[in-house]
Amino acid sequence: MKDKIQESLKGIMADLYSSAEFNVDDFIINIQDNKEKQYGDLASNIALILAKPLKRNPKEIANEIKEKFVIDEEIIKVEVAGPGFINFFLSKKSHGSVLNEIFLKKSKFGTAQSNNKRVLIEYVSSNPTGPLHVGHGRGAVFGSVLSSLLQKAGFEVDEEYYVNDFGRQMNILSASLYIRYAQNFNKEIKMIRNGYQGDYLISIAENLKNAKSDTLYINDEDINDLFNGNDEEEEFTDQVIDTIKSKLGDEFFYLRDFALKEILQLIKKDLLSFGVEHDQWFSESSLYEEEIDKASMVDRSINELEIKGFVYQKDDAIWFKSSDFDDDKDRVLKRGNGEYTYFASDVAYHLDKYNRGYDRIINVLGSDHHGYLPRVRAAMKASGRDINKLETVFIQFANLIRAGKKVTMSTRSGEFITLKELIDEVSSEAARFFYINRKSDQHLDFDLDLAKEQSKDNPLYYIQYAHARICSVLRKANVEEKHMCTSESDLLISDKEIEIQKLLRQYPSLIERAASASEPHLICYYLKDLAGLLHSYYNSEKFLVEEQELMYSRLFLLSGVKQVIHNGLKILGISAPQEM
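A brief report on the enclosed structure follows. (Residues numbered from 1 in each chain as written. Predicted model: local features only at pLDDT ≥ 70, side-chain atom pairs only at ≥ 80, totals over all residues. Heavy atoms only, no water.)

## Thoughts on the overall build of the chain
Within the chain, the secondary structure is distributed over 22 helices and 15 strands. With the principal axes as the frame, the chain shows a C-alpha extent of 95 × 65 × 40 Å. Across the 580 residues that make up the chain, the buried fraction comes to 52%. Put simply, of all contacts in the chain between residues at least 6 apart along the chain, 71% involve residues at least 24 apart. For the chain, the accessible surface area stands at approximately 28,100 Å², while carbon and sulfur atoms represent 45% of it. (Helix = DSSP H or I, 4+ residues; strand = E, 2+ residues; numbered from the N terminus. Buried < 20%, exposed > 50% of the residue type's maximum accessible area, 1.4 Å probe, protein only. Contact = heavy atoms within 4.5 Å. Areas by Shrake-Rupley, 256 points an atom, 1.4 Å probe, with all protein chains shown as cover.)

Written as structure tokens, this is what we have:
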């Protein structure tokens, strides 16, 4: 119906306004669904768009278009409202066309044709220093669902995890693993205060012992005396790292790689059980590897900014003039001691993203990374990249609520709830839904008790139960699809039946809108609305009635609702059960 109205408007515009200076094909005709019944079913703002180039009153333009619009058995009335909106009123019979479309397209209903645009979504990217905890869950689900949503909207999507495997944190992890490993041979050795405290390292240390026996254990007075040193001193951690490095030599890098491999395996396993699977893993260390020209990607990115005149030296350090691009101050790329900053990695990594030719580059970050955006945008703008391609979505924190009280956690002490523990408690599907069931920039209180509850108060249960209810009716009816699809849609004339069909018709445009705005939570809202209408309809009508044509029509409507709920839940990575 929207396509039909668009074609009619395009023809009217060509007749009324086309000229050598004015090409109607230059204008996008948007058709929106009206929520308020008094304004009809559909609306267009094309008159307001044409007002500026035509230099005329939009309401006059709208009335001209209205007078030319042909009324038929499907579009029964056209009105002009407000400053120049054109509203379209549809016949009750016209609403049934969406059921035929759903029947023909099935799982493809709502799927757009390829737009030949490539998107890179980087998400989770938790430091590989421990297993994922519940704080990572919201960003993981967001990135996963947004990827599915964009694919439905016609994009080619790559999902990437950026592995922060370079720098001091990896040295601290390696030292922490060594300590856990050494404790197998000397119980007097204690974990350093700034080390990674979680029990997961004990298991990894056991695997290391199985792989290397005692060959990595350093049994001499120097290192034993060191562990008895003053752990409160700021430089103590670095002393421990340097000593272990000097004693192990190249074996320290084996230790580091072993820790990285084991933790990445944990992360990948947890993500997979959560329905999240990245197809690309990008190593930060690769940014520092010398390539054919003997320069690393980081060196080349700094050189590119230098050639463009946005790099200078001060206090033996290399600085980027980020304050020239709306950042609050200039940023260090390379310190005076020769160490690169995390910002240098970020610049090189994002330039590489651009160089890979994506049309949209989406970063999904925690809300504590807000300061990261201005400096990265500044570097991309300075390098001549199109900053409109770079999109950043900030994910607010999620609080876990149990028995009405907030669950406290501390990552420093290693006392946190892992993502695996959350999945084991409430199920992967419940966790996915509750994480995504709110706009990303809003704080989320994740009610663990509600997520396990089987009642209408649990929104996921409410949606899945709607699907199962329809399946039950269709099983009892035992009617072949060919009978339902030839039913008379003009028998579906009650207010609830019209409302359901109107909502079904909105599904494809919802997919497009949610994908464009990076707002996957809209799928949850839509499915809750659709399930609510279905339950209300179910409680007010009978479906297995004696009048065969009416029964077929109502079953056909139920079948359409069932398919759309299935399609929507699949985008969320959630099953649509046939029985509950």
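Having seen it, we continue.
## Thoughts on the packing of aromatic side chains
Scanning the entire structure with this criterion turns up 26 aromatic pairs. Among the aromatic residues, ring-to-ring pairing joins Phe274, Phe433, Phe434, Tyr435 and Phe446 into one connected group. Seen from the ring of phenylalanine 89, lysine 77 lies directly overhead, with NZ or CZ sitting 4.3 Å from the centre. Lying over the aromatic face of phenylalanine 155, arginine 360 brings its terminal NZ or CZ to 5.4 Å of the ring centre. (Phe/Tyr/Trp six-rings, centres within 6.5 Å; stacked < 30°, edge-to-face > 60°. Lys NZ or Arg CZ within 6 Å of the ring centre and 35° of its normal.)

## Some words on the pairing of strand E9 (residues 317-320)
Burial along E9 is two-sided: Ala317 and Trp319 facing one way and Ile318 and Phe320 facing the other are all buried. Pairing geometry for strand E8 (residues 311-314) and E9, over 4 bridges, is antiparallel. The residue of E9 that forms the bridge with glutamine 313 is isoleucine 318. With antiparallel pairing between neighbouring strands as the criterion, E8 and E9 make up a hairpin whose turn holds 2 residues, including aspartate 315 at a positive phi of roughly 55°. Alignment of E9 against strand E10 (residues 331-334), held across 3 bridges, turns out to be antiparallel. If you follow phenylalanine 320 over to E10, its bridge partner there is arginine 331. (Pairing = 2+ DSSP bridges.)

## Remarks on the environment of glutamate 262
Turning to its location among the elements, glutamate 262 is positioned in helix H10 (residues 251-273). Sequence separation between glutamate 262 and serine 203 is 59 residues, and the spatial gap between their C-alpha atoms is 9.8 Å.

## Some points on the sheet that holds strand E1 (residues 31-33)
On the basis of which strands lie adjacent, the open sheet formed by 4 strands has the order E1-E2-E4-E3 and antiparallel pairing. Bordering the open sheet on either side are E1 and strand E3 (75-81), each of which pairs with just one other strand. Here the average twist between neighbouring strands, direction ignored, is 30°. Where E3 and strand E4 (residues 85-90) come together, 6 bridges link them in antiparallel fashion. Bridging from a neighbouring strand, valine 80 pairs with isoleucine 86 of E4. (Axes fitted to C-alpha atoms, helices over the stretch in contact; angles between N-to-C directions.)

## A closer look at helix H9 (residues 236-248)
With 13 residues, H9 extends 18 Å between its outermost C-alpha atoms, agreeing within 8% with the 18 Å of an ideal straight helix rising 1.5 Å per residue. After H9 finishes, the residue glycine 249 shows a positive phi value of roughly 65°. (Expected span 1.5 Å × (residues − 1).)

## Re the pattern of salt bridges
As enumerated under the stated definition, the model contains 31 salt bridges in all. A salt bridge links lysine 4 to aspartate 72; the nearest nitrogen and oxygen atoms lie 2.6 Å apart. Remark: aspartate 72 occurs in the loop between helix H3 (58-68) and E3 and lysine 4 occurs in helix H1 (residues 2-17); sequence separation between them is 68 residues. In this structure, arginine 356 and glutamate 160 form a salt bridge, with 2.8 Å as the shortest nitrogen-oxygen distance. One end of the pair, arginine 356, is in the loop between helix H12 (342-355) and strand E11 (360-366); the other, glutamate 160, is in strand E6 (residues 156-163), and 196 residues separate them in sequence. Salt bridges sharing common partners tie together Lys2, Asp33 and Arg505. (Salt bridge = Lys/Arg side-chain N within 4 Å of Asp/Glu carboxyl O.)

## What about the side chain of asparagine 437?
Along the chain, asparagine 437 turns up in the loop between helix H15 (428-436) and strand E15 (444-447). Accessibility expressed as a relative area gives 14% for asparagine 437, which makes it buried. A distance of 3.0 Å separates polar atoms of two side chains, one belonging to asparagine 437 and the other to lysine 528. Filtering out sequence-adjacent residues up to four positions away, asparagine 437 remains in contact with Pro459, Cys524, Tyr525 and Lys528. (Polar contact = N/O pair within 3.5 Å; in protein donor to acceptor, adjacent residues only side chain to side chain.)

## Notes on unusual backbone geometry
Although it is not a glycine, asparagine 116 adopts a positive phi angle of roughly 60°. Positive phi, normally seen in glycine, also occurs at asparagine 478, with a value near 50°. Residue placement: asparagine 478 occurs in the loop between helix H17 (459-477) and helix H18 (481-485). According to the relative accessible area criterion, asparagine 478 is exposed, its value standing at 68%.

## Topic: the environment of threonine 341
Examined against the element boundaries, threonine 341 turns out to sit in the loop between E10 and H12. Here threonine 341 falls in the buried class, since its relative accessible area comes to 9%. Placed 10 residues apart in sequence, threonine 341 and arginine 331 show a C-alpha to C-alpha distance of 9.3 Å. Not counting residues within four places of it along the chain, the set of residues in contact with threonine 341 comprises Tyr288, Val332, Leu333 and Arg335. Side-chain polar atoms of threonine 341 contact the backbone oxygen of valine 332, separated by 2.8 Å.

## Topic: the environment of valine 545
One can find valine 545 in the loop between helix H21 (521-540) and helix H22 (548-571). Here the alpha-carbon distance between valine 545 and alanine 477, two residues 68 residues apart in the chain, equals 9.9 Å.

## A short note on a negative patch on the surface
A surface patch of like charges, here negative, comprises Glu488, Asp490, Glu547 and Glu549. Tracing the sequence through the fold places glutamate 549 in helix H22. Under the relative-accessibility criterion, glutamate 549 is labelled partly exposed at 34%. (Patch = residues over 30% accessible without salt bridge, like charges linked within 9 Å, V, L, I, M, F, W, Y side chains within 5 Å. Lys, Arg positive; Asp, Glu negative; His and termini not counted. Charge placed at Lys NZ, Arg CZ, Asp CG, Glu CD.)

## Re the nonpolar core
Counting residues in hydrophobic clusters, the biggest one holds 126 residues, and the most contacted among them are Tyr178, Leu422, Phe446, Leu504, Leu555 and Leu572. Other than its neighbours up to four places away in sequence, leucine 504 contacts Val98, Leu99, Ile102, Phe109, Tyr526, Leu530, Leu557, Gly560, Val561 and Val564. Leu333, Phe343, Ala344 and Leu390 belong to the second largest nonpolar core, which has 34 residues in total. (Core = buried A, V, L, I, M, F, W, Y, C linked by side-chain atoms within 4.5 Å.)

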